[in-house]
Amino acid sequence: MVNRLKRIEGQVRGLIDMVESGRGCEDVAQQMAAARKAMDKAFYRMMACSVMEAVSVSDSEMTTFREVERSTRILEKYA
């Protein structure tokens, strides 16, 4: 996850450089879309890990259900 976020950080720094150097709007938009997609992928990977962790460490079916439900609410709210 940290590597993904560092890569995204590099993309955002690249975007800043593009804007400061006066690159065209379409070029900047394309890179923004790529950075946004990378953030989405990182978010979904983090959520998948959260669900897998909840299932693997759960001591009961009810606990598993609660944790999966919590993850579902997070997805509904932020996805």
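Refer to the structure above for everything that follows.
Just so you know, these numbers come straight off a predicted model, no measurement behind them. Each residue is numbered by its place in its chain's sequence as written, counting from 1. Selection of residues for local features in this predicted model requires a pLDDT of at least 70, selection of side-chain atom pairs for listing and counting requires 80 or more, and totals for whole chains, interfaces and linings are taken over all residues. Note that the side-chain values use all heavy atoms of the structure and ignore hydrogens as well as water.

Let us now look at the packing of aromatic side chains. Pairing of aromatic side chains requires ring centres within 6.5 Å, counting the rings of Phe and Tyr and the six-membered ring of Trp. Pairs whose planes differ by under 30 degrees are stacked, by over 60 edge-to-face, and all others tilted. In the structure shown here, the tally under the stated rule is one aromatic pair. Aromatic side chains Phe43 and Tyr44 sit 5.3 Å apart centroid to centroid with 70 degrees between the ring planes, which places their arrangement in the edge-to-face category.

Take a positive patch on the surface next. Here a patch means residues that are over 30% exposed by relative accessible area and free of salt bridges, tied together within 9 Å if like-charged and within 5 Å if nonpolar (Val, Leu, Ile, Met, Phe, Trp, Tyr). Surface accessibility in these figures is a Shrake-Rupley result with a 1.4 Å probe; residues are shielded only by whichever protein chains are displayed. Should a side-chain nitrogen of Lys or Arg be within 4 Å of a carboxyl oxygen of Asp or Glu, the pair is scored as a salt bridge. We score Asp and Glu as negative and Lys and Arg as positive, and we do not count His or the chain ends. Charge placement uses NZ in Lys and CZ in Arg. For Asp and Glu, CG and CD serve respectively. A cluster of basic residues, Arg4, Arg7, Lys37, Lys41 and Arg45, forms a positive patch at the surface. Of all the secondary-structure elements, those providing two or more residues to the positive patch are helix H1 (2-20) and helix H2 (25-57). No other element matches H2, which puts three residues into the positive patch. With respect to the element layout, Arg45 can be found in helix H2. Secondary structure elements are taken from DSSP: a helix is a run of H or I of four residues or more, a strand is a run of E of two residues or more, and numbering for both begins at the N terminus.

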